[in-house]
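Letter by letter, the chains look like this.
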Amino acid sequence: MGIQLFKAKYEIDECMAEIRECLEVGWTGLGFKTVKFEEAWKQYTGLPFAHYINSSTIGLYMAVDILKEQYGWNDEDEIITTPITFVTTNHAILKSHLKPVFADVDDTLCLNPESVKERITDKTRAIMYVGMGGNMGNYYEIVDICNKYNLKLILDAAHMTGTRYKGEIPGKEAEVVVYSFQAVKNLPTADSGMICFKNGDFDTIVRKKSWLGINKDTYARTQNMGNYKWKYDVEYVGEKGHGNSIMASIGLVQLKYLDRDNSFRRQICNWYRKRLEQYPDLIKLVRIEDGCESSCHLFQICVENRDELIIALNNADIFPGVHYSSNINYKMYDYAKDTCPYSDYVSDHTISLPLNLYLTYDDVQKICDEVIKFVTR
Ligand SMILES: *Cc1c(COP(=O)(O)O)cnc(C)c1O
């Protein structure tokens, strides 16, 4: 099999027990474990609201949609965003008929605050921020910009599950935080996510919108408990976006081990850093800000001849990845061509080395040997 970029590690027996309970009770759907997981998530993060959804993609789509509707934004209003992300981040903006305006990233691979400021116009409504690889980048400078210019902050925290800043889970400053529990993320469940609004009214709305717009509370209060509640009102043309109890079962178990797992991820990153920082002219490490305890979703470096390095590693049975090709390379975003030079550099030079909980110290040494052999050849 070689050394894989990602390989999810589960507490299998505990997950099976939790899933078994769903099967025995005869309920795998919305409610039951999904409610328990939402409560556990609020407890873990300290965020006031959390709604469990079937992917972070649907969460980002609903986040932008709800903010647009609730704040009365117009079509073609602008959201400043990053080109270095999974394409879903930017599709969420387009889907709501808003305009992604790309700002550049810096050596944290997150948005560069100076570049963001240059992109603000009288049509700017929000900033979409991605904590790349679990790092915070200049998040708090972005928060300040949002406050100063009265912009809403949307945090795509797909990589940030378990990231802390000075001991606390960040995100309370944002209008909405969206997490991913997709198959390769730090809290893997196959597919699901969490959407956490700051405003409780928006949380109420997203609960309806994630279930086709159904308002199941309308008649619930007047019905006898235990009756199948067939009568409901439909308030929105919503999505089928809510999570289910099977995924939530896995999430509930994995959440218990998230901090333990992330601390081993940090150990792996430290092993990498210790070797690779010996070659500052040849290997550029991602800058981690003081006070940020990253979830270490990714370990990324920038090198010359990145594509050749990938082949060299593949030949040694090591399978790295790339996060990400600049989204400006894709046709729906190519209107922003040549506006983000450092992102173009990152897009061509960055590589994600294997980072998963099955790695050993010796695996990391072997990967470092191969990388160093390549860059010093
Ligand atoms: C994985 C990922 C997503 C999408 O997550 P899904 O749960 O698969 O929809 C969004 N943004 C970023 C940055 C991601 O890495």
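Residues numbered from 1 in each chain as written. Predicted model: local features only at pLDDT ≥ 70, side-chain atom pairs only at ≥ 80, totals over all residues. Heavy atoms only, no water.

Engineer: Let's hear about helix α1 (residues 12–25): which residues, and what values?
Structural biologist: In an α-helix, one turn spans 3.6 residues, which is why side chains three or four residues apart end up on the same side. Between the first and last C-alpha of α1 there are 20 Å, a value that for 14 residues agrees with the 20 Å anticipated at 1.5 Å per step. If you check which residues of α1 are buried, you get C15, E18, I19 and C22. Buried residues of α1 fall within an arc of 95 degrees about the axis and therefore sit on the same side. In α1, the exposed positions angled more than 90 degrees off the buried face are occupied by D13, M16, R20, L23 and E24. Residue G26 follows α1 closely and has a positive phi angle near 85 degrees. (Helix = DSSP H or I, 4+ residues; strand = E, 2+ residues; numbered from the N terminus. Expected span 1.5 Å × (residues − 1). Buried < 20%, exposed > 50% of the residue type's maximum accessible area, 1.4 Å probe, protein only. Arc of directions from axis to C-beta.)

Engineer: Any chance you could break down the nonpolar core for me, citing the residues and the numbers?
Structural biologist: Counting 49 residues, the largest nonpolar core has F37, W41, I127, I142, L153, Y179 and M194 as its most contacted members. When residues of this core are traced back to their parent elements, those giving at least two are α2 (33–45), β5 (124–130), α6 (139–149), β6 (152–156), β8 (176–180), β9 (193–197) and α9 (245–256). By residue number, the principal contributor to this core is α6, which donates 5 residues. Not counting residues within four places of it along the chain, the set of residues in contact with I127 comprises I79, I80, L111, V116, I142, I145, C146, L151, K152, L153 and I154. (Core = buried A, V, L, I, M, F, W, Y, C linked by side-chain atoms within 4.5 Å. Contact = heavy atoms within 4.5 Å.)

Engineer: Talk me through α9; I want residue IDs and the actual numbers.
Structural biologist: Over its 12 residues, α9 extends 17 Å from the first C-alpha to the last, a length consistent with the 16 Å expected when each residue adds 1.5 Å. Of all the 12 residues making up α9, 10 are buried; the element is thus mostly covered by neighbouring parts of the structure. Taken together, the buried positions of α9 are S245, M247, A248, S249, I250, G251, L252, V253, Q254 and L255. Check the buried side of α9 and you find it contacts α1, α2, β2 (51–53) and α10 (258–276). With a side-chain oxygen positioned 2.9 Å from the backbone nitrogen of I246, the residue opening α9 is N244. (Polar contact = N/O pair within 3.5 Å; in protein donor to acceptor, adjacent residues only side chain to side chain.)

Just distances and angles here, no functional claims.
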